[in-house]
Amino acid sequence: MNIGIIGAGAIGKCLASKFVKLGHVVSIANSRGPASLKQLAEEIGAMAVTVEEAVLDKDVIVVAIPQKSILNLPRNLFNGISKGAVVIDTGNYYPRLRDGVIPSLEQSGIDSLWTQEQLEYPVVKVFNSIFATSLSDLGRPKGAKDRIALAVSGDRLEAKQIVFQLVDALGFEPFDLGTIAQSWRQQPGSSIYCRDINFDELEKRVTAMGTDWTEMREIIIDKHRLDEIAIEVDFSAWQKKLA
Ligand SMILES: NC(=O)c1ccc[n+]([C@@H]2O[C@H](COP(=O)([O-])OP(=O)(O)OC[C@H]3O[C@@H](n4cnc5c(N)ncnc54)[C@H](OP(=O)(O)O)[C@@H]3O)[C@@H](O)[C@H]2O)c1
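Here the structure is a predicted model, which means the values were calculated and not measured.

Student: For this particular structure, what's the right way to read the site of the ligand?
Tutor: Taken together, 26 residues sit near the ligand, with Gly9, Ala10, Asn30, Ser69 and Ala132 positioned nearest. In terms of residue count, helix H1 (residues 10-21) provides more of the shell around the ligand than any other element does, three residues in total. Across the shell around the ligand, the residue classes tally to 13 nonpolar, twelve polar and one charged.

Student: Explain the environment of Ile197 to me, please; I cannot follow it from the model alone.
Tutor: Along the polypeptide, Ile197 turns up in the loop between strand E8 (173-178) and helix H9 (199-209). With 47 residues separating them in the primary sequence, Ile197 and Leu150 have C-alpha atoms 8.6 Å apart. Excluding residues within four positions of it along the chain, Ile197 makes contact with Ile148, Ala149, Ile192 and Leu202.

Student: Before we go on, may I ask you to explain the environment of Pro66 in this structure?
Tutor: Along the chain, Pro66 falls in the loop between strand E4 (60-63) and strand E5 (86-89). A tally of 15 C-beta atoms within 10 Å means that Pro66 is categorised as partly exposed. With 57 residues separating them in the primary sequence, Pro66 and Gly9 have C-alpha atoms 9.6 Å apart. Aside from chain neighbours lying at most four places away, what touches Pro66 is Arg98 and Asp99.

Student: In this structure, what is going on with the sheet that holds E4? I would like to understand it.
Tutor: As a general point, the strands of a sheet are linked pairwise by backbone hydrogen bonds and lie either parallel or antiparallel. With respect to topology, eight strands assemble into an open sheet ordered E3-E2-E1-E4-E5-E6-E7-E8, the strand pairing being mixed. Strands with a single pairing partner mark the edges of an open sheet, and in this sheet they are strand E3 (47-48) and E8. Strand direction decides the pairing type here: strand E1 (residues 2-6) and E4, joined by four bridges, are parallel. Residue pairing for E4: Ile6 is matched across the bridge by Val63. Where helix H6 (residues 111-119) meets the sheet, its contacts fall on E5, strand E6 (123-125) and strand E7 (149-154), and the angle it forms with E6 comes to roughly 155°.

Student: Could you clarify how one ought to interpret helix H8 (residues 157-169) in this entry?
Tutor: Side chains three or four residues apart in an α-helix point the same way, a direct result of the helix having 3.6 residues per turn. An ideal rise of 1.5 Å per residue puts 18 Å on 13 residues; H8 measures up with 18 Å between its terminal C-alpha atoms. When H8 is considered as a whole, its buried residues turn out to be Ala159, Lys160, Val163, Leu166 and Val167. Buried residues of H8, seen end-on, are gathered within an arc of 115° and therefore sit on one face of the element. Exposed positions of H8 whose direction lies more than 90 degrees from the buried face are Leu157, Glu158 and Gln165. Check the buried side of H8 and you find it contacts E5, E6, E7 and E8.

Student: Explain the pairing of strand E2 (residues 25-29) here, please?
Tutor: The side chains of a regular strand alternate, first on one face of the sheet and then on the other. Counting buried residues in E2 gives four out of five residues, a clear majority hidden from the surface. Here E1 pairs with E2 via five bridges, running parallel. Opposite Ile5, over in E2, you have Ile28 as the bridge partner. Crossover connection from E1 via H1 to parallel E2: handedness right-handed. Two elements, E2 and E3, share two bridges in a ladder whose sense is parallel. Residue pairing in the sheet places Ile28 in a bridge with Ala48 of E3. In this fold, the crossover linking E2 to E3 by way of helix H2 (residues 38-44) has right-handed handedness.

Cut-off values and rules
- Along each chain, residue indices are assigned from 1 in the same order as the chain's sequence is written.
- Local features in this predicted model are restricted to residues of pLDDT 70 or higher, and side-chain atom pairs are both shown and tallied only at a pLDDT of 80 or more, whereas totals for entire chains, interfaces and linings draw on every residue.
- Using the backbone to place each C-beta atom, any residue with that atom within 6 Å of a molecule or strand is considered near it.
- Under the DSSP-based scheme used, a helix requires at least four consecutive residues in state H or I and a strand at least two consecutive residues in state E, with every element numbered from the N terminus.
- Side-chain classes follow a simple rule in which Ala, Val, Leu, Ile, Met, Phe, Trp, Tyr, Cys and Pro form the nonpolar group, Asp, Glu, Lys and Arg form the charged group, and the remainder, Gly included, forms the polar group.
- Think of it this way: build a C-beta for each residue from its backbone, and any pair within 7 Å is a contact.
- Residues are called buried when their C-beta atom has 20 or more other C-beta atoms within 10 Å, exposed when it has 12 or fewer, and partly exposed otherwise; all C-beta atoms are positioned from the backbone.
- We call two strands paired when DSSP finds no fewer than two bridges between them.
- Axes here mean lines fitted to C-alpha atoms, for a helix over just the part in contact, with angles spanning 0 to 180 degrees between N-to-C directions.
- What a helix should span is 1.5 Å times the count of its residues minus one.
- What the arc measures is the spread of directions leading from the helix axis to the C-beta atoms.
- We call a crossover right-handed when, viewed with the strands running away from us, the connection from the first strand over the helix to the second turns clockwise.

This is the structure:
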């Protein structure tokens with residue numbers, strides 16, 4: 001497939017390199033232009049491109065930039081993309097540590113619902129709930145007991161099916177979490193966020209969260225607020241305590 005990746009940081013770089021190894025043709029963009037990405041692109045076998053080129057004639061486009069940077073993408077970026085192209089959103093909202101408060105996002109409190117509205121294109125939320133280091137190192141063959149499950153949310157089933165195949169090829173077990181409106185169950189503060197758990201455990205936790213955002217919103221947002229403070233103090237200590 002032709003895959004475009006916007007964002008060449010921890011997660012964009014990791015996905016670009018993995019997709020190249022799987023035989024896909026990968027283009028990668030950042031905010032500073034292709035010249036700044038030349039070396040990285042050469043190292044991983046991808047093409048350094050502009051943001052506009054990263055979305056042109058692609059089967060899959062990955063948006064892997066900080067939540068606040070969604071607002072800096074060119075207007076109508078996704079207007080002319082290939083029919084049926086899949087747009088993946090890896091984003092998470094970190095108001096305290098990185099993004100600042102985004103009032104329009106906090107109206108619903110659902111990160112990817114807001115992103116989908118900003119991009120004016122249906123997104124598939126995936127790869128947000130795993131550390132780039134785990135994505136890089138912990139892929140396992142199908143059937144392995146310790147295969148990590150990855151939550152996938154989105155409103156278009158055909159798009160999710162393509163994502164399921166990509167997740168599987170990367171060595172992870174796709175888990176269909178439902179629509180974008182339900183994607184709060186995989187965002188920061190939820191019990192499946194960055195836990196590196198297998199399918200059965202993920203299913204158990206998703207069932208325990210239920211489907212009522214109005215009931216869970218305060219619990220999840222409060223947990224994320226406390227997590228941000230803990231991360232600010234000592235990221236490694238916070239990461240070790242995740243259960
Ligand atoms: N790090 C992880 O383990 C991880 C895991 C899962 C999900 N995520 C989520 O994925 C998103 C990206 O995280 P990250 O850790 O990869 O970020 P990062 O390491 O800080 O990298 C951000 C990348 O986004 C690019 N960027 C920023 N604004 C842009 C714009 N307007 N147009 C094009 N490119 C732009 C930056 O390019 P420049 O350097 O040129 O500005 C940089 O390449 C975040 O929402 C994060 O929460 C992260």
